[in-house]
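# Observations on the three-dimensional arrangement
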2 protein chains.
Amino acid sequence: MRSALHDFLAPNSIAIVGASADPTKRGYKAMVGLLNDGYEGAIYPINPKADEIMGVKAYASLADLPAAADMALICTPAKTLPALLKQCGENGVKGAIILASGFAEVDAAGAALEQQVLEAAQQADVRIVGPNTSGIFNLHKKVNLLALDNVKPGDIGIISQSGNMLLSLALEAQYNGHIGFSTYAGPGNQTDVDFADYLQYLGEEENTRVATFYVEGFKDGRAFLDVARQTSKQKPVVVYKSGSTEAGQKAASSHTGALAGSYQMTVDLLRQVGVNVVENSDEILPVAEGLGLLQQAAGKRVAVLADGGGQATIASDRISEAGLELAELSETTRNALANILFPQASLANPVDVAGSTDAHPALLADCMAILAADANVDMVFLVGMFGGYSIRFAEELKEEELACADAIIELSKRTSKPLIIDSLYAHIKPTPLQRLREAGLPVYASIEHAVKIMAALGERGAYIQSSQQAENNAPLVVNEDCSASFRKAHAEGRDLFEFEAKSLLRSYGVDVPLEMIVRSESELAGVIKAFGDTPLAMKVVSKDILHKSDAGGVKLNISGEAALNVARDEILASCQQYKADAEIEGVLVTPMARKGIEVIIGMSRDPIFGPVLMFGLGGIFVEILKDVAFRAIPLSRHDARSMIDQIKARKILEGVRGEAAVDKEALVDLLMKVSAIVDAHPDIAELDLNPVIAYDDGYAVVDARVIVDQETQK
Amino acid sequence: MRSALHDFLAPNSIAIVGASADPTKRGYKAMVGLLNDGYEGAIYPINPKADEIMGVKAYASLADLPAAADMALICTPAKTLPALLKQCGENGVKGAIILASGFAEVDAAGAALEQQVLEAAQQADVRIVGPNTSGIFNLHKKVNLLALDNVKPGDIGIISQSGNMLLSLALEAQYNGHIGFSTYAGPGNQTDVDFADYLQYLGEEENTRVATFYVEGFKDGRAFLDVARQTSKQKPVVVYKSGSTEAGQKAASSHTGALAGSYQMTVDLLRQVGVNVVENSDEILPVAEGLGLLQQAAGKRVAVLADGGGQATIASDRISEAGLELAELSETTRNALANILFPQASLANPVDVAGSTDAHPALLADCMAILAADANVDMVFLVGMFGGYSIRFAEELKEEELACADAIIELSKRTSKPLIIDSLYAHIKPTPLQRLREAGLPVYASIEHAVKIMAALGERGAYIQSSQQAENNAPLVVNEDCSASFRKAHAEGRDLFEFEAKSLLRSYGVDVPLEMIVRSESELAGVIKAFGDTPLAMKVVSKDILHKSDAGGVKLNISGEAALNVARDEILASCQQYKADAEIEGVLVTPMARKGIEVIIGMSRDPIFGPVLMFGLGGIFVEILKDVAFRAIPLSRHDARSMIDQIKARKILEGVRGEAAVDKEALVDLLMKVSAIVDAHPDIAELDLNPVIAYDDGYAVVDARVIVDQETQK
């Protein structure tokens, strides 16, 4: 369904409630913005004390308008809102932009008022931007309610929870000289319209080529993921998420009252659905620009063309660090380069022309064309002095540089590969570089930024490819026995017993080693019969004992019936001592697991993002090094694979000290199964498989814990 | 001793060998540079075919000059060099700048010629810059041999192995508008004058406030460390080292033939001696500028003053990530801020003025003064719209903004703390920001860069403090028995046996558990007597068996004489089978070590940096995660402590899962002892203590290996 936001974010008529000729008022600024930019729709200033404002006929109230306004900008204080929204509804307004603050971000009374506003809006069938928004603009419609100078219409849609961040990007674009914006909105408190709604709108909005977000906190993160999964296939989605540290989260919460959540989890989930996450604020505009204006990259292999060894070296370092690759150039490519460059030129990637272009800068375009034609190359990176040859070497080279710029522009239209250009002279803005910019080719002034853009292009290319071949889980047929376990647990107000959790997993095909519950001494003989003389592990089964080891409820490496007996007695005694009134079901006996590599799989329901799976290596890797990966459930096989590949300690899974690699596909299967099980059983509040032992031929789930959501009802 | 480079890098007279009026020649460019910049010394063009060049009297050869030239710029080809250097010497030239390439960077013949050049220079007592240098400048002396436009004299000395990197920095400075340079030199092949020499020169050179280096490869890294250790106490030393990745190292080696070495080791060693290492090329100039122009910081506690929540949040994130701290503001400070700001302002750090300054930007300077006066604050960071209030809000604010700039300038003179300023308007260059720049206060356009500068200030502050209280090792009195071990090993052409290595360590007070060599079965009884019934470990002793485990030469957890006997028989049999002709000395028996945390200490002699110590946690931490720290020997106690603190897994040493922290000071002692032992015994080529088991009360060196340098002679 098409976004309802089109009805008022591209309005044909605008009412300004609280319009004013007083320059200190927001209702003044909006009038100025609309008049200065030449807004072509109807402007209706609403002000009971004025007949006209800045030459435009004013009205006493929304009820007096000659025709309905698509949008109402409301500049009056918080308490006026409920009544105003009712009026909006009665008079055909589709969306209200509410500037007032003094709502949930302040105190409980504010929160109550905010709830009243939301209800009034819903009854009136009016959508709300804000409250507590910095406003909106739609430059292609000449709707510049912020009266920002020097922003021009262009490709970048921007939603920012900080008005100053918009200002910062606008100033950067002004300096940069060739970037324009489509729509801006400040989501404010997101009482009604939230980040997901804006994303859907920008995804559909035809003037927007890239949707860009500065986010302090998502409200409904799951909805954003769902929209992003679709939108990112059509156009780039760029997100800067603040709160990467505790200090930043604290600052954000005192700014927008945003709930932060785990930063790393947020980043993992956004990347899972194809969002390009930007980690530094000074990379937001360059990355958005690059993704919006450049061709899409099919992969991560970069050809570097440099006219100086220093830049070639720096570019190589940054490219490797960013997870990109230096393309292996074909022999044809090398021969073609050798034909036009000096013998001392470096023809291995990075290509260093070694002076060949000092007197012939146009050769650079020829080299770029040769590199772009190589099937091993996904993107071409020109770095060095281009644009400044006539400044550095000889005035006469200007013409040739301009011709070279034209040739690069032509090439960019012909090739399907992105051409990324970085110049020492970018800040100086010589005409050859300006020509590139005017043709829509960005020119960067920092190798580091240029490489971030290539990384974003490579990431996006990889996502598009993987999303085309995504294999998703078929939903599980729910096992009736499992549902019964949950009903029983609900009834008894407890979580699943370990044996129930394991049986749940087993019933959906997860490999869980055999185990037996022993409820009385007489059953021990059966254990020996079942497991033979392999060493065994024994654990207490009791809903009242959560930390079994602490209670002395675990014994390992037990051999023979006599030892089993002793172990059972000791466990029972120890647990009774630990918690006198503990109801003890019995003990669980299972063969000791073979040695392998311990991994952990965990699931929890995040308040912002819903069910999320975590994967990591056992022990210190999760606890100390926080080396884990997150994905939103449900996972595709690609998601499962990528989360294993993402952890830093993956080399341990690939086999160290001559050990065999673990069976990665078996772990992928396990992750997919857990995802499907969680999907099928909403009663699962948390699930922990810790440890899972990974082998070169499969895995064993050695311990499983399922926390039951006592709120859900079957 | 004062650097010899002063004699010719600040020359009173310059000969240009190969001076030319042909604009395509380097000898032309140098003439232009000197004449345009108004060089005040004598210029002697040397060209046998001309009477004058560009109006300056020319000479046929150096022998014809009316007076000695301090410096000769030599623009003629490689083969002319040996003869020319002889002439230089005969005619009083103190230093020659050799542009020609075609030496060691090309082939063996070139390397031979380079050796000839070096010998000629040494005989003639002439120092050499290059060969294969891009040249030099000394702008305070108006010596601009590169004829770079638009560079101005200033505080930054720059030595760059890439001419284009200099060009890049010069263009950045030109755009930036207020940064100038003192001396530049391209070290080229470093045949004679190397990075260490340039550093000494810049350290002494009074116009230079910060010594900046772009390094592809050090030749004598140890010499650089030695000079840097002294210089960095006087003025900041900034190094960008390329080759952080294999791809970058390959590119650098094809550019300057530079030997790369381990990047991480290089960075650790440079930081050890107080160098500020910059990791991104676009941070070189901002960091050099910040360190050169701003006050020195006493610590890492930052007060953030923002006029927008977004920037406050981003700054908080970056500050935490960079290892800086948000200062805890005192109550006095909060009260003083509360007195001048709106009630809704955030007074916790980051301070967000929340609109208080929109109509009164001058309040920003007052807030900065309050923050700078707080004893808990080491630096003050102003971030946001300053400079643009009159653009954003009202033209009339311009005067107040200028007054605010003046107040900030005044404050910067009064306070001992650095004031770091970042503005959304930096690119636009409004007058209040230009006024700050003219007064020598940098203004940054990127929060990310500004934080890198604060991190550099904090790092430098910490170094200065630690270097004042450095406790160094007294040199060891060499133990004669140990020297005898080395003589014996030399004579037998082998490394130290494990028991010799341990005895070496023990004799210098290192804690190595007791152990006994058993050469015959009859000695086993003595073992039991000595160690009682504690479980024992047994290892083969043989100079012919390096990998004892592979040879079946190690048995653990042996209890009782019978088991000892069996173990010994099995070890001997297995080792003989492994290597039939192995000479077996016996077996080493030692009690099994208590459980603790395994760490590794290693020493090797790096070809560039000399003896280097490595510290890391055992197992996968070193092997897979490469989580290690390096320091050059000899270490101070501060070095030893900081290398333990540096590793990412340090939390494991601090005690996890309720375990006690390890005895860090004991590990520090051990590192100090190893450093002293290596210093005392140049025969040690490599040393490995792997593992050392760290306890909450000391440590045990469980295995030790000493590789003997067969080249050294006692």
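Residues numbered from 1 in each chain as written. Chains lettered and ligands numbered in written order. Predicted model: local features only at pLDDT ≥ 70, side-chain atom pairs only at ≥ 80, totals over all residues. Heavy atoms only, no water.

### Things to note about the pairing of strand β29 (residues 698-701) of chain A
Looking along a regular strand, one sees side chains alternate from face to face of the sheet. All names here are of chain A. In plain terms, the rule: Only protein chains enter the accessibility calculation, which uses a 1.4 Å probe; a residue is then buried when its area is under 20% of its type maximum, exposed when over 50%, and partly exposed in between. Numbering of helices and strands runs from the N terminus; a helix is a DSSP stretch of H or I covering at least four residues, while a strand is a stretch of E covering at least two. A pair of strands is treated as paired once DSSP finds two or more bridges between them.
Alternating residues of β29 divide into G698 and A700 and Y699 and V701, and every residue in both groups is buried. In the sheet, strand β28 (residues 684-695) pairs with β29 via four bridges, with the strands oriented antiparallel. Bridged to A694 within β29 is Y699.

### Regarding the interface of chain A and chain B
For clarity, the cut-off: It only takes one pair of heavy atoms within 4.5 Å for two residues to be counted as in contact. Summed over both partners, the accessible area (1.4 Å probe) lost when two parts come together is defined as the buried area. Nitrogen and oxygen atoms within 3.5 Å of one another constitute a polar contact, given that in protein one can donate a hydrogen and the other can accept it, and given that sequence-neighbouring residues count only through two side-chain atoms. For this classification, Asp, Glu, Lys and Arg are treated as charged, while Ala, Val, Leu, Ile, Met, Phe, Trp, Tyr, Cys and Pro are nonpolar and the rest, including Gly, are polar.
Counting residues at the interface gives 67 residues for chain A, matched by 67 residues for chain B. Interface of chain A and chain B: buried area, both sides summed, is about 5100 Å²; carbon and sulfur atoms make up 58% of it. Three residues stand out in chain A for area buried against chain B, namely N164, R392 and I624 of chain A, and they jointly supply 11% of the buried area on that side. Where chain A packs against chain B, one counts 27 residue pairs in polar contact (both at pLDDT 80 or more). For the side of chain A that touches chain B, the elements supplying multiple residues, two or more each, are α5 (163-176), α8 (246-256), α11 (309-321), α17 (447-468), α22 (620-623) and α24 (650-653) of chain A. Looking at the side of chain A that touches chain B, its residues break down into 27 nonpolar, 26 polar and 14 charged.

### Things to note about helix α16 (residues 431-438) of chain A
Given 3.6 residues per helical turn, the α-helix brings residues three or four places apart onto the same face. All names here are of chain A. The condition is simple: Along the arc lie the directions from the helix axis toward the C-beta atoms.
The complete set of buried residues in α16 reads P432, L433, L436 and R437. Considered in projection along α16, the buried side chains sweep an arc of 140° and stay on one side of the axis. If you follow the buried residues of α16, they end up packed against α5, α15 (397-414), β19 (419-423) and β20 (443-444). Of the residues one or two after α16, G440 is the one with positive phi, at around 90°.

### Details of the nonpolar core
What counts is decided by this rule: To form a nonpolar core, buried Ala, Val, Leu, Ile, Met, Phe, Trp, Tyr and Cys residues must be joined to one another through side-chain atoms within 4.5 Å.
I408 of chain A together with I408 of chain B are the most contacted members of the largest nonpolar core, which totals 175 residues. Counting residues in hydrophobic clusters, the runner-up holds 59 residues, among them I14, Y201, Y263 and A632 of chain B.

### Some points on the pairing of strand β6 (residues 95-98) of chain A
Residues and elements named next belong to chain A. What counts is decided by this rule: With the strands pointing away from the viewer, any crossover whose connection runs clockwise from the first strand over the helix to the second is right-handed.
Neither face of β6 is exposed, since G95 and I97 on one face and A96 and I98 on the opposite face are all buried. Two elements, strand β5 (residues 71-74) and β6, share four bridges in a ladder whose sense is parallel. Within the sheet, the bridge partner assigned to M71 lies in β6 and is G95. In this region the chain leaves β5, passes through helix α3 (residues 81-90) and returns to the parallel neighbour β6; the handedness of that crossover is right-handed. In this structure, β6 lies alongside strand β7 (residues 127-129), joined through three bridges in parallel fashion. If you follow G95 over to β7, its bridge partner there is R127.

### Examining the packing of aromatic side chains
Residues and elements named next belong to chain B. For the record, the criterion: Only centres within 6.5 Å qualify two rings of Phe, Tyr or Trp (six-membered ring in Trp) as a pair; their planes then separate them into stacked at under 30 degrees, edge-to-face at over 60, and tilted for everything else.
A complete count under the given rule lists 23 aromatic pairs over all chains for this structure. Ring geometry for Y44 against Y59: centres 5.8 Å apart, planes inclined by 80°, an arrangement best described as edge-to-face. Placement of Y44 in strand β2 (residues 42-46) and of Y59 in the loop between β4 (56-57) and β5 (71-74) is noted, with a sequence separation of 15 residues between them. Under the relative-accessibility criterion, Y44 is labelled buried at 8%. A centroid spacing of 5.7 Å and a plane angle of 10° characterise the contact between Y214 and Y240, whose relative ring orientation is stacked.

### Section: the domain arrangement of chain A
All names here are of chain A. The line we're drawing: Where each domain starts and ends follows an automatic or database-derived domain assignment. The term salt bridge refers to a side-chain nitrogen of Lys or Arg lying within 4 Å of a carboxyl oxygen of Asp or Glu.
Taken as a whole, chain A is organised into domain 1 (6-158 + 181-262), domain 2 (296-467), domain 3 (514-592) and domain 4 (597-713). Each of domain 1 and domain 4 has a C-alpha centre, and the two are 41 Å apart. Across the boundary between the two partners, domain 1 contributes eight residues, which contact seven residues of domain 4. Here domain 1 and domain 4 share an interface that buries about 680 Å² over both sides, 58% of which is from carbon and sulfur atoms. Between the two partners, domain 1 and domain 4, sit zero salt bridges.

### Looking at the sheet that holds strand β6 (residues 95-98) of chain B
Residues and elements named next belong to chain B. Under the convention used in this document: Note on geometry: axes are C-alpha line fits, over the in-contact stretch for helices, and angles between N-to-C directions span 0 to 180 degrees.
The strand order across the open sheet built from five strands is β2-β1-β5-β6-β7, with neighbouring strands paired in parallel fashion. Only two strands of the sheet have a single partner each, and these edge strands are β2 and β7 (127-129). Across the sheet, the axes of successive neighbouring strands diverge by a mean angle of 20°, strand direction being ignored. Across the sheet, helix α2 (residues 26-37) lies against β1 (13-17), β2 and β5, angled at about 155° from β1, the strand it touches most. Of the strands in this sheet, β1, β5, β6 and β7 are in contact with helix α3 (residues 81-90), which crosses β5 at around 165°.

### Topic: the relation of the copies chain A and chain B
Just so we agree on the cut-off: Copies overlap after least-squares fitting; the atoms used are the C-alpha atoms of residues with pLDDT of at least 70 in both.
Screw-axis analysis of chain A against chain B gives a translation of 0.0 Å along the axis, an RMSD of 0.0 Å, and a rotation angle of 180°. What the superposition gives is, in effect, a two-fold axis relating one chain to the other. Judged by C-alpha distance, H427 of chain A is the residue of chain A that lies nearest the rotation axis, at 5.0 Å. Comparing interface residues between copies, 100% of those in chain A also sit at the interface in chain B, which points to an isologous, same-surface contact.

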